[in-house]
Amino acid sequence: MKEYIAVFDSGVGGISVLRHLCAVMPQERFLYFGDSANAPYGTRPTEEIRALTLAAAEKLMARGLKALVVACNTATAAAIEALRERYPDSIIIGIEPALKTACDRFPGKKIGVMATPATLREEKFARLLERCGRQCQVVKLPAAGLVELVEAGKANSEESFALLEPLLKPYAGELSAVVLGCTHYPFAAPTVSRLLGENTLLLDGGEGTALHTRRRLEAAGLLRTEGEGEIIFENSLDCGETVALCRRLLMEAKP
Ligand code: DGL
């Protein structure tokens, strides 16, 4: 598998990053692995998230892949340092909430960050807030429960609307932008917009992560620039249904 880039998430959310990876590196070969059997990660204690991430990475890295993209904000927040320590010679990219993009674009304004409870409580997020969020008023919006609905193929349903209504409705018309700081959430963007109003810009870190991955591969002389691209889907649930959902989300998400 030396030709493949592994893309990892706690479940199907990382597909929102995979679509950008495919768009900026159309000739690459990707192995998408979702740990849906253990999702959600974002309501678990940090130690558990780290252990699950390291266990998944160990299996992926043993296959000799050329890079690992952690397409999960929660896993990045809890485990990226441990991963880099364990695999110092590998290219390991992690996604984080696109707060800098939002704050650079709307200085002095009110910005929401929707993410899992784990991402928002981590030290890594506190550092990001300190670094980029100072000039803005940042509101944390932990959306526990949304990941489960995306995993069930119900990202935009009456259930997701009912779940998000009490969290988002109080901010309707008030936020210049909302950072979707969990890779599952872009799939629920229509519901988020329905609640916040069309004037709130929704941003996620997918494209930035894809461009960064491309730069790292280029710099290492590892970027594949000819031949057909390919995607292999694998999931810890090991059922055709989850892989079918991954394929459907990828089609839906095409930029
Ligand atoms: N998709 C993951 C993220 O970006 C979180 C999903 C979960 O809670 O398992 O944070």
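Notes on the structure in this doc start here. (Residues numbered from 1 in each chain as written. Predicted model: local features only at pLDDT ≥ 70, side-chain atom pairs only at ≥ 80, totals over all residues. Heavy atoms only, no water.)

### Observations regarding the site of the ligand
Every one of the 13 residues lining the ligand counts as a neighbour, but S10, Y41, G42, T74 and H184 are closest to it. Within the contact set of the ligand, an oxygen atom lies 2.8 Å away from a backbone nitrogen or oxygen of N73. Taking 300 Å² as the accessible area of the ligand by itself, protein coverage stands at 99%. In the shell around the ligand, the residues fall into five nonpolar, seven polar and one charged. (Near = heavy atom within 4 Å. Polar contact = N/O pair within 3.5 Å; in protein donor to acceptor, adjacent residues only side chain to side chain. Areas by Shrake-Rupley, 256 points an atom, 1.4 Å probe, with all protein chains shown as cover. Nonpolar A, V, L, I, M, F, W, Y, C, P; charged D, E, K, R; others polar.)

### Some words on the packing of aromatic side chains
Applying the stated criterion across every chain yields a total of three aromatic pairs. Summarising the aromatic geometry, the rings of F8 and Y41 are spaced 6.3 Å apart at their centres and angled 50 degrees between planes, so their arrangement reads as tilted. You can see F8 sitting in strand 1 (residues 4-9) and its partner Y41 sitting in the loop between strand 2 (29-34) and helix 2 (46-61), a full 33 residues away along the chain. Relative accessible area serves as the criterion here: at 1%, Y41 is assigned to the buried category. In this structure an aromatic cluster arises from ring pairing among F8, F33 and Y41. (Phe/Tyr/Trp six-rings, centres within 6.5 Å; stacked < 30°, edge-to-face > 60°. Helix = DSSP H or I, 4+ residues; strand = E, 2+ residues; numbered from the N terminus. Buried < 20%, exposed > 50% of the residue type's maximum accessible area, 1.4 Å probe, protein only.)

### Looking at the packing of helix 1 (residues 15-24) against helix 11 (residues 240-252)
Interaxial distance between helix 1 and helix 11 falls to 9 Å at its minimum, and their mutual angle equals 55 degrees. When the axes of helix 1 and helix 11 are compared, the pair comes out oblique. Taken as a pair, helix 1 and helix 11 cross one another with a handedness that is right-handed. Residues I15, L18 and R19 of helix 1 form the contact with helix 11, whose own contacting residues are C246, L249 and L250. Grouping the amino acids of the contact of helix 1 with helix 11 by side-chain chemistry returns five nonpolar, no polar and one charged. (Axes fitted to C-alpha atoms, helices over the stretch in contact; angles between N-to-C directions. Parallel < 35°, antiparallel > 145°, perpendicular 65-115°, else oblique. Left-handed = near helix turned anticlockwise from the far one by under 90°. Contact = heavy atoms within 4.5 Å.)

### Re the pairing of strand 1
Along any regular strand the residues' side chains alternate between the sheet's two faces. Summarising burial for strand 1: six of the six residues are buried, a large majority. Burial of the side chains of strand 1 extends over both faces: Y4, A6 and F8 are buried on one face and I5, V7 and D9 on the other. In the classification by handedness, the crossover that spans strand 1, the intervening helix 1 and the parallel strand 2 is right-handed. Alignment of strand 1 against strand 3 (residues 67-70), held across four bridges, turns out to be parallel. Within strand 3, the residue paired with V7 across the bridge is V69. (Right-handed = clockwise from strand over helix to strand, strands pointing away. Pairing = 2+ DSSP bridges.)

### Some remarks on unusual backbone geometry
Between A39 and the following residue, P40, the backbone shows a cis peptide bond with an omega angle of 0 degrees. You can see P40 is positioned in the loop between strand 2 and helix 2.

### Quick look at the pattern of salt bridges
Where charged atoms of side chains with opposite charge meet at close range, the side chains can pair. Applying the stated criterion to the full structure yields 18 salt bridges. With a shortest N-O distance of 2.7 Å, E47 and R50 are connected by a salt bridge. Placement of the pair is E47 and R50 together in helix 2, with a separation of three residues, close to one helical turn. Look at E47 and you get exposed, because its relative accessible area is 53%. The exposure class of R50 is partly exposed, given its relative accessible area of 25%. Ionic pairing is found between K110 and E174, a salt bridge with its closest N-O pair at 2.6 Å. Of this pair, K110 sits in strand 5 (residues 110-115) while E174 is found in the loop between helix 8 (158-168) and strand 7 (177-180), placing the two residues 64 residues apart along the sequence. Residues joined by salt bridges that share partners form a network here, namely E3, R29, R224 and E230. (Salt bridge = Lys/Arg side-chain N within 4 Å of Asp/Glu carboxyl O.)

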